[in-house]
Structure formats: structure tokens, C-alpha cells
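# Per-entry structural report
Each chain, written out:
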Amino acid sequence: MTPELTILGWTLVLALVQIMLPSLFRTRETGAAYNVSARDGAGPPVGKITGRLQRAQANLFETLPLFAAAVLIIHVTAQESSLTLYGAALYLAARVIYVPLYAFGIPVVRTLVWLVSVAGLLMLLWAILVH
């Protein structure tokens, strides 16, 4: 398996963590009884950190299909290179750093880290479209 595919696998682990984190925080807000119920009622308002974790998850899910498709295209067409390795690694590293920055409400740095993840994605697209 190529390093890029391994990085994609770890990105999927990150996605799973980002699914679980808001759920765990939401359960702390609502209690386990509400969580296992039919949830016909609205429940208590979503807390600040839970909301941030939900938004961070949605943010990952906006770019994850693009990242996965790019890695798979690179693999199928055997275009792996140092550019694709660094691009994939940059994407994953930035996405990992992004989660706590968003959860703790750190505004400007969070956006810069998001831009780094986009730069990693653009490196992959460059390798696909230009090389």
C-alpha cells in the first residue's frame, strides 16, 4: 500500500473520531437516557463546544470526498511522488490540528490551518492535472 493510501486511511480514522466527539459531548449535555430514546423532543440546546465540534466535522466532510478522490486517482494512475506524499501528509496534519483549534474557539490560527489543509489538497490536484 502506498503512503498516500495509508494517509487516506488515517484520515478516515480522523473522520470517525470527528463523528464520535460531538456525540460524546452531546450525550454529556442530554444524558444517556435522552440519547437512547426516540428523541421526539428537541432536547436541551447544543453547547458551545459541541456546536464547534459539529461544525468542525461538517468542515472536514466538505473536503474529505475531494481528498479521497484525489488520493485514489493518484494511486490508480501511479502518479505518486514527493509532491503527492507531502500534499496528503499536509492535508491530514492540518485537519488533525484544526479540530482542537476549532473546539477551543481559536479564530485566526484555525483559519490559517484550514488554508494549509487546502494547500495540501491543491498539491494533490496539481499532481493530477499538471504532471
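Residues numbered from 1 in each chain as written. Predicted model: local features only at pLDDT ≥ 70, side-chain atom pairs only at ≥ 80, totals over all residues. Heavy atoms only, no water.

### What to know about the packing of helix 1 (residues 3-30) against helix 4 (residues 82-103)
- Remark: helix 1 packs on helix 4, axes separated minimally by 9 Å, with the N-to-C direction vectors making an angle of 15 degrees. With respect to each other, helix 1 and helix 4 are oriented roughly parallel. Note on packing geometry: the crossing formed by helix 1 with helix 4 is left-handed. On the side of helix 1, the interface is formed by Pro3, Glu4, Ile7, Trp10, Thr11, Leu14, Gln18 and Leu21, while helix 4 contributes Thr84, Leu85, Ala88, Ala89, Tyr91, Leu92, Arg95, Val96 and Val99.
- Residue composition of the contact of helix 1 with helix 4, by class: twelve nonpolar, three polar and two charged. (Axes fitted to C-alpha atoms, helices over the stretch in contact; angles between N-to-C directions. Helix = DSSP H or I, 4+ residues; strand = E, 2+ residues; numbered from the N terminus. Parallel < 35°, antiparallel > 145°, perpendicular 65-115°, else oblique. Left-handed = near helix turned anticlockwise from the far one by under 90°. Contact = heavy atoms within 4.5 Å. Nonpolar A, V, L, I, M, F, W, Y, C, P; charged D, E, K, R; others polar.)

### Things to note about the side chain of threonine 84
- Secondary-structure assignment places threonine 84 in helix 4.
- In this structure the side chain of threonine 84 is engaged in a polar contact, spanning 2.8 Å, whose partner is the backbone nitrogen of serine 81.
- Setting aside residues no more than four positions away along its own chain, threonine 84 makes contact with Glu4, Ile74, Gln79, Leu124 and Ala127. (Polar contact = N/O pair within 3.5 Å; in protein donor to acceptor, adjacent residues only side chain to side chain.)

### A word on the nonpolar core
- In terms of nonpolar packing, the biggest core is built from 21 residues, with Leu8, Phe67, Val71, Tyr91 and Leu124 touching the most fellow members.
- For this core, the secondary structure elements donating two or more residues are helix 1, helix 3 (48-76), helix 4 and helix 5 (107-129).
- In this view, tyrosine 91 contacts Thr11, Leu60, Thr63, Leu64, Phe67, Ser117, Gly120 and Leu121; residues no more than four positions away in its chain are not counted.
- In terms of nonpolar packing, the next biggest core, distinct from the first, is built from six residues, Ala94, Tyr98, Tyr102 and Val113 among them. (Core = buried A, V, L, I, M, F, W, Y, C linked by side-chain atoms within 4.5 Å. Buried < 20%, exposed > 50% of the residue type's maximum accessible area, 1.4 Å probe, protein only.)

### Things to note about a nonpolar patch on the surface
- On the surface, Leu16, Ile19, Met20, Leu24 and Phe61 cluster together to form a nonpolar patch covering roughly 460 Å² of accessible area.
- No other element matches helix 1, which puts four residues into the nonpolar patch.
- Along the chain, the position of leucine 16 falls in helix 1. (Patch = residues over 30% accessible without salt bridge, like charges linked within 9 Å, V, L, I, M, F, W, Y side chains within 5 Å. Areas by Shrake-Rupley, 256 points an atom, 1.4 Å probe, with all protein chains shown as cover. Salt bridge = Lys/Arg side-chain N within 4 Å of Asp/Glu carboxyl O.)

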